Amino acid sequence: MKLSRERLIQSDGAVSVLVVFLGFLVGTILIALVGKNPLNMYKAILQALSGYNIDNGKMNIRYIAETINYSVPFILCGLSMGFANRVGLFNIGGEGQYIMGMTIAQMVALLGPQVQGLHWVLAILCAIIIGSLWGGLVGVLKAKYEVSEVVSTIMLNYIALYLSRIITLQMPGATTYKTANFPETALITNDFFTKITNYSLLNNGIFMMIIAVIVFWFIMEKTSLGFGMRATGFNKEAARASGIPVVKSIALSMAIAGAFAGLAGGIVALGSFKYGRVLSGMDNYGFDGIAVALVGNSTALGTALAGLLFGMLKNAQALMQSKQIPKEITFIIQGMIVIFIALRSALILYQQYLDKKKLQKEVGVK
Amino acid sequence: MDSKRANYEELKVSEYAIEMKNITKTFPGVVANDKVTLQVRKQEIHALLGENGAGKSTLMSILFGSYIADSGEILLDGEPVEIKNPNVATSLGIGMVHQHFKLVQNFTVTENIVLGMEPVKGRVLDLKSASKRVAELSKQYGLQVDPDALIEDISVGQQQRVEILKTLYRNANIIIFDEPTAVLTPQEIDELMEILKALRAEGKTIVLITHKLREIKEVSDRCTVLRRGTYIGTVNVSDVSEQELAEMMVGRAVKFEIEKPEKLPGEVMLSLQHLEVKDENGAVKIKDLNLDIHDGEIVGVAGVDGNGQSELLGAITGLLPLSGGSIILDGEHIEQLSIRERIEKGLGYIPEDRRKYGVVGEFSIAENSAIKSYYKSPFRKKFGILDFEAMKKEAEHLIDQFDIRSAEGPVTKAGSLSGGNQQKVIVAREISLSPKVLVVAQPTRGLDVGAIEYIRKRIIDERMKGRAILLVSLELDEIMNLCDRIATISKGSIVAVNKQHEVTEREIGMMMAGSHKEAQA
């Protein structure tokens, strides 16, 4: 029993599960405190997860599809943060990389060759490339000139936002908030999904997301490139002394991280909208990705699961509101989860305290 | 009433200045002190002997109030005291000279001594009278140091005297010295020994934490030995031999001499020519350094810490940029090559800070063993995919061959290993790569006697295999024991190279201090 508790605290995955549980616990208490029925939140969550509406007994698969669709950019931005994190970097620039990916995808969608099967591929590729350039720039600055990635990514987020506005306002049919509609060839909608999910927005982005999760896992855990990156992330000095090219690792990891976020931008642009958006503010997927990666311990599978959780919460918001639960409660739950993750070290301290007490008993301290 | 007073008087004339009884202190995962007892008589030099991790420093930190014991009691002059923090210790007349000095570099000696209890006249700092008091104290105890000199301008030995003066200025009667000789040259050590004797003569009680037997024999009256957190015994130093002390410390018979068969050196394998290294601020750290190392010999670099040793290591391995000169390995210039290219040319490196440069703590033994060769066959397969099973197999082999003790074999995280076993992982990795030149820095620092013997033997084995070995160490004993030739480094240059049997420790000490000519005369 004792052993299992120790294992539990030492296992990253178990801590994440515990933390999510605590987050929901706090959310539940809060709802009760404001005089609503917490059960309604769980009804909304059940509906977002399974499509089953417990109040009227109706089933609508569209809710499941929306949960998945929401989670795609969360997962990809989580991978962006997570990949850099594994190499010891803090990529706050997921938002900027996402915006650049979205912007370029919109541009290619509006101006690119309207060839079936090529048009959207080109737009997505351009989104990936611009994302990796946007991230890679930060990596090069960090690796070569020791510019803090935290500062440069924050700056680049704002540059991306306003650059996006400037570019998108030049697009055909641009008004203050949108461009002309995309041609059919640029969209990544999936007719089959649309049909079976009662016209949800679920699109081919899900496949790209799954490929991205596998690529993350493969590079990080299986390849020699990932080995060098992980060594750099754990102990940069030892990695350097062992001959690992840490400068290259750092620059490359930021480029790869940027590619994930750029892809997220492309998928949202071509899957969830039929026209280009002139951004008035940030979508925040990039920032939420930080939390997703934290909950997912920066691993491929963990990030995917954490992204699904965040997608589910986002989808549940509207459902909760219809049941008189303030949707802000989901933000509180997300925030509590991140806080509890940050308190992880407290768990370790608690474990050490227990170890110490046990030792003291063994050597007979009163 | 009267009987009470009599009782009190009796206690007051207690034989012991310090009594620590049944002290137990635990940290997460370690029992640092397990019912340890220490009894120090008045006006004696009492040595506290033990290997690294035996609990000496913990015990003294408890006496000085830096730690609170879990249980046990402390008596000063027979009276129970509760030492909650170092300020209480200071007010009780306990002073501590730390191994790493706690001095402000750009303050004067006097300013450092009065720091925290500055004398004032009205509202104005009165450094003049303080300076006078410092001068008096240094005269009384034979601690020569200029009260108005800046700390950054005086030698390490003098800085230590400032630390001692600090305790005297605070009226310490008990002074704890934590490994005081670790940073000193042999001459400075001799001077410190005289200072300790002078302090004793002036009525001070001294506790000397050390693992160096010779110093104990030279100055201490009695010695308490700790081993793995437990009390082993207290002896009169004059009654025991160094050998007996060593056995008490380690718990078994110890071999002092290392077997080192004769071996004729071969060709020059590593040649350092006119090396120059500057730090980030452009200050020259290594100047016109020349040294040749042959096949099958161990060349030691002896010197006081901070005379360019780390810069020399950095320049050879490629961790620091070279601003001039050349490094020739087996006939090839390597000074322009990357770290990895140097490794591939046959340069092995056992770094001094093993946790920072030697191993990745979160990586397993297998991953650490492969960290210099993972990108090549047999570990790297097609498309850059790594064969982790091959790594584990290779690590199992090394664990066997180098007697690495771990909880879970090849998948054990390196960070969870003891210092000795971490060092074995590094040594195993470097030797398994069959380097032409092995650069070794402080290979036995912080290790227990068993591990030290083992690592030294492995280094000698490499020499017998015909490798060229450069050993940089601050422990002169180690250099005298292991090396065939000894290069003395001072202020960034090699001032002399001598054959091991043609030079004494004393002569090297003189050269380390920079007085090369005196030594030759």
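Residues numbered from 1 in each chain as written. Chains lettered and ligands numbered in written order. Predicted model: local features only at pLDDT ≥ 70, side-chain atom pairs only at ≥ 80, totals over all residues.

**Student:** Can you lay out the overall build of chain A for me, pointing to particular residues and giving the numbers?
**Tutor:** A count of helical and extended segments in chain A gives 16 helices and 4 strands. At 22 Å, chain A has a C-alpha radius of gyration in line with the 21 Å of a compact globule built from 366 residues. Seen through its C-alpha atoms, chain A measures out along the principal axes to roughly 80 × 65 × 30 Å. Taking all 366 residues of chain A together, the buried fraction comes to 50%. Sequence-distant contacts in chain A: of pairs separated by 6 or more residues, those separated by 24 or more amount to 78%. (Helix = DSSP H or I, 4+ residues; strand = E, 2+ residues; numbered from the N terminus. Rg over C-alpha atoms; globule rule 2.2 N^0.38 Å. Buried ≥ 20, exposed ≤ 12 C-beta atoms within 10 Å, placed from the backbone. Contact = placed C-beta atoms within 7 Å.)

**Student:** Explain the interface of chain B and chain A to me, and be specific about the residues and the numbers.
**Tutor:** With 32 residues of chain B at the interface, the matching set in chain A holds 24 residues. For the side of chain B that touches chain A, the secondary structure elements donating two or more residues are β1 (16–27), β2 (30–41), α11 (339–344) and α12 (354–358) of chain B. Of the residues assigned to the side of chain B that touches chain A, the class counts are 17 nonpolar, 8 polar and 7 charged. (Nonpolar A, V, L, I, M, F, W, Y, C, P; charged D, E, K, R; others polar.)

**Student:** Describe the environment of A:Q114, and please don't skip the residues or the numbers.
**Tutor:** Residues and elements named next belong to chain A. Assignment of secondary structure puts Q114 in the loop between α5 (94–111) and α6 (119–145). We classify Q114 as partly exposed; it has 13 C-beta atoms within 10 Å. Once the C-alpha coordinates of Q114 and A186 are considered, the two residues, 72 residues apart in sequence, prove to be 7.3 Å apart. Not counting residues up to four positions away in its chain, the partners in contact with Q114 are H119, P183 and T185.

**Student:** Got a sec to walk through the confidence of the model for chain B? Specific residues and values, please.
**Tutor:** All names here are of chain B. Per-chain confidence: chain B averages 88 in pLDDT, with 96% of residues scoring 70 or above. Long-range and interchain partners of residues 516–521, a stretch whose pLDDT sits below 50, account for 7 contacts in this model, where long-range means more than four residues apart. Model confidence for the complex: the whole-complex pTM is 0.81, and ipTM, which rates the interface, is 0.85. (pLDDT = per-residue confidence, 0-100.)

**Student:** Mind laying out the domain arrangement of chain B, listing which residues take part and the relevant values?
**Tutor:** Residue and element names in this part refer to chain B. You can read the domains of chain B as domain 1 (10–250), domain 2 (258–346 + 435–521) and domain 3 (358–434). Inter-centroid distance (C-alpha atoms) of domain 1 to domain 2 is 34 Å. Between domain 1 and domain 2, the residue contacts involve 7 residues of the former and 12 residues of the latter. Considered class by class, the residues forming the side of domain 1 that touches domain 2 number 3 nonpolar, 3 polar and 1 charged. (Domains from an automatic or database assignment.)

**Student:** Tell me about the sheet that holds strand β13 (residues 268–278) of chain B, and please be specific about residues and values.
**Tutor:** Residue and element names in this part refer to chain B. Taken together, the 4 strands give an open sheet; going across it, the order is β14-β13-β16-β17, and neighbouring strands pair in antiparallel fashion. Every other strand in the sheet has two partners, leaving β14 (284–294) and β17 (332–333) as the edge strands with one partner each. Judged from the 2 bridges that link them, strand β16 (residues 324–329) and β17 form a sheet pairing that is antiparallel. Across the sheet, residue L329 finds its bridge partner in β17, namely E332. Across the face of the sheet, helix α10 (residues 309–317) comes into contact with β13, β14 and β16 while running at roughly 65° to β14. (Pairing = 2+ DSSP bridges. Axes fitted to C-alpha atoms, helices over the stretch in contact; angles between N-to-C directions.)

**Student:** Mind laying out the nonpolar core, listing which residues take part and the relevant values?
**Tutor:** In terms of nonpolar packing, the biggest core is built from 184 residues, with A:L76, A:A105, A:L263, B:L470 and B:L471 touching the most fellow members. When residues of this core are assigned to their parent elements, the largest contribution, 17 residues, is made by helix α12 (residues 246–272) of chain A. Shared between two domains, this core holds at least three residues of each, these being domain 2 (258–346 + 435–521) and domain 3 (358–434) of chain B. Leave out the neighbours within four places in its chain, and B:L470 touches B:L270, B:I293, B:V299, B:V301, B:V437, B:V439 and B:V440. Residues B:V36, B:I62, B:F64 and B:L226 belong to the second largest nonpolar core, which totals 60 residues. (Core = buried A, V, L, I, M, F, W, Y, C linked by C-beta atoms within 7 Å.)

**Student:** Tell me about unusual backbone geometry, residues and numbers included.
**Tutor:** All names here are of chain B. In the segment running from S377 into P378, the intervening peptide bond is cis, with an omega of 5°. Note on placement: P378 falls in the loop between α13 (365–369) and α14 (388–402). In this model, K491 sits at a positive phi of 50°, which is unusual for a non-glycine residue. For K491, the location among the structural elements is in the loop between β21 (485–490) and β22 (493–499).

**Student:** Break down the packing of helix α4 (residues 62–86) of chain A against helix α13 (residues 285–295) of chain A for me, citing the residues and quoting the values.
**Tutor:** Residue and element names in this part refer to chain A. At their nearest, the axes of α4 and α13 sit 7 Å apart, and the two run at 65° to each other. Seen from above, α4 lies across α13 with right-handed handedness. Each of P73, F74, I75, C77, G78, S80, M81, G82 and N85 in α4 lies in contact with α13, whose residues at this interface are Y285, G286, D288, G289, I290, V292 and A293. (Left-handed = near helix turned anticlockwise from the far one by under 90°.)

**Student:** Pulling in residues and values, what's your account of the sheet that holds strand β18 (residues 347–350) of chain B?
**Tutor:** Hydrogen bonds along the backbone pair up the strands of a sheet, which may run parallel or antiparallel. Residue and element names in this part refer to chain B. Spatially, 6 strands are ordered β18-β19-β20-β15-β21-β22 in an open sheet, and the strand pairing comes out mixed. With one partner strand each, in any of the chains shown, β18 and β22 form the two edges of the open sheet. For this sheet the average axis-to-axis angle between neighbouring strands, irrespective of direction, equals 20°. As defined by bridge partners, β21 adjoins β22 across 6 bridges and the pair is classed as antiparallel. Paired with R485 across the bridge in β22 is K499. In the packing of α10 onto the sheet, the strands contacted are β15 (298–302), β18, β19 (437–441), β20 (468–472) and β21, and the crossing angle to β19 comes to about 150°.

**Student:** Summarise α14(B); cite the residues concerned and give the values.
**Tutor:** All names here are of chain B. If you check α14, its first and last C-alpha atoms are 21 Å apart, about what 15 residues at 1.5 Å a residue would give, namely 21 Å. Inspection of α14 places M391, E394, A395, L398, I399 and F402 among the buried residues, and these make up the whole buried set. Taken end-on, α14 shows its buried residues confined to a sector of 145°, consistent with a single buried face. The exposed residues of α14 that point more than 90 degrees off its buried face are E389 and D400. Structurally, α14 contributes buried residues whose contacts are with α13 and α15 (419–432). Where α14 ends, the next residue or the one after it, D403, has phi of about 55°, a positive value. (Expected span 1.5 Å × (residues − 1). Arc of directions from axis to C-beta.)

**Student:** Before we move on, could you go through the packing of α5(A) against helix α7 (residues 149–169) of chain A and cite the residues and values that matter?
**Tutor:** Residue and element names in this part refer to chain A. Two elements in contact, α5 and α7, have axes separated by 8 Å at closest approach and are oriented at 20°. Here α5 is positioned roughly parallel relative to α7, judged by the angle of their axes. Seen from above, α5 lies across α7 with left-handed handedness. Residue-level inspection shows E95, G96, I99, M100, T103, Q106 and M107 of α5 in contact with α7, the latter providing T153, L156, N157, I159, A160, L161, S164, I167 and T168. A per-class count over the contact of α5 with α7 returns 8 nonpolar, 7 polar and 1 charged. (Parallel < 35°, antiparallel > 145°, perpendicular 65-115°, else oblique.)

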